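Chains, contacts and geometry: an overview
What follows is the residue order along each chain.
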Amino acid sequence: MISDRQTEMPRTVSVRNQIRNITVSPEGKRAVFEARGELFNAPIKGGYTINLTQSSGAYDRDPSWSPDGKYIAFSSNRSGNTAVYIVSVSGGTPTRLTWHPANAIVRGWSGDNENVIFATTRDSAPANTYFLWSVSRSGGPAKKLVAQWSFDGSISPDGKKII
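Since this is a predicted model, take the numbers as computed values, not measurements. (Residues numbered from 1 in each chain as written. Predicted model: local features only at pLDDT ≥ 70, side-chain atom pairs only at ≥ 80, totals over all residues. Heavy atoms only, no water.)

1. Remarks on the pattern of salt bridges
A complete count under the given rule lists six salt bridges for this structure. The residue Arg-36 makes a salt bridge to Glu-38 at a minimum N-O spacing of 2.4 Å. A salt bridge links Arg-61 to Asp-62; the shortest N-O distance between them is 3.1 Å. (Salt bridge = Lys/Arg side-chain N within 4 Å of Asp/Glu carboxyl O.)

Okay, here's the thing in structure tokens:
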């Protein structure tokens, strides 16, 4: 349908005042940030910005670079509840990694680049307490990392401790 309504026409929108959760790539040349509920990959100095998620109806947040710099893990409510997704740093179709109905919030990656770490309240009923879990970057069943409640943490470089 042809329309002259301003809201339906392609346009450039500044997100300058809406930027949150900036995270820098492992090599320090690019940064991913959230704005308007979408994730953007921008150069530190000059160049082009990529809208990674292009998700007008969802809230994408909590971006985290993989240690090898090839993927961004993030949390999104595009499926109804907040789940863990990954997407290539050049964009494309995100892959959903978690399927449990409890919300899952990305906290980082394992040092070996194989697992995404996330916080969730699954298995904490009747309390609404967060625990750290991990899921393979290729999907599959998630694994509870520790019995102690926690929302933040990372896996030590040798993979043996939560710090």
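2. Side note on the sheet that holds strand β11 (residues 131-136)
Strands sit in the order β9-β10-β11-β12 across an open sheet of four strands; the sheet is antiparallel. Two strands in the sheet have a free side with no partner beyond their single neighbour: β9 (104-109) and β12 (143-144). Here strand β10 (residues 115-120) pairs with β11 via six bridges, running antiparallel. Directly across from Val-116, in β11, lies its bridge partner Val-135. (Pairing = 2+ DSSP bridges. Helix = DSSP H or I, 4+ residues; strand = E, 2+ residues; numbered from the N terminus.)

3. Looking at the sheet that holds strand β4 (residues 50-51)
Spatial ordering of the open sheet is given by β1-β2-β3-β4, a layout of four strands whose pairing is antiparallel. Only two strands of the sheet have a single neighbouring strand rather than two, namely β1 (20-24) and β4.

4. Focus on the nonpolar core
If you look at the biggest cluster of nonpolar residues, it comprises 12 residues: Ala-73, Val-84, Ile-86, Leu-97, Ala-104, Val-106, Trp-109, Val-116, Phe-118, Phe-131, Trp-133 and Val-135. Those residues in contact with Leu-97 that sit more than four places away from it in its chain are Val-84, Tyr-85, Ile-86, Val-116, Val-135, Ser-136, Arg-137, Ser-138, Gly-139 and Gly-140. Ranked by size, the runner-up nonpolar core spans 11 residues in total, among them Leu-39, Ile-50, Trp-65 and Val-89. (Core = buried A, V, L, I, M, F, W, Y, C linked by side-chain atoms within 4.5 Å. Buried < 20%, exposed > 50% of the residue type's maximum accessible area, 1.4 Å probe, protein only. Contact = heavy atoms within 4.5 Å.)

5. Comments concerning the packing of aromatic side chains
One pass over the full model with this rule turns up three aromatic pairs. Where Phe-33 meets Phe-40, the ring centres are 5.6 Å apart and the plane angle is 20°; that geometry is what we call stacked. The exposure classification of Phe-33 matches that of Phe-40, with both residues buried. Over the ring of Tyr-85 we find Arg-78; its NZ or CZ atom is 5.4 Å from the centre of that ring. The ring centre of Trp-99 lies 4.1 Å from the NZ or CZ of Arg-96, which sits over that ring. (Phe/Tyr/Trp six-rings, centres within 6.5 Å; stacked < 30°, edge-to-face > 60°. Lys NZ or Arg CZ within 6 Å of the ring centre and 35° of its normal.)

6. Looking at the pairing of strand β5 (residues 60-65)
Counting buried positions along β5 gives five out of six residues, so the element sits mostly inside the fold. Across four bridges, the pairing between β5 and strand β6 (residues 71-76) is antiparallel. Bridged to Arg-61 within β6 is Ser-75. Linking two consecutive strands that pair antiparallel, namely β5 and β6, is a turn of five residues; a positive phi of about 75° is found at Gly-69 within it.

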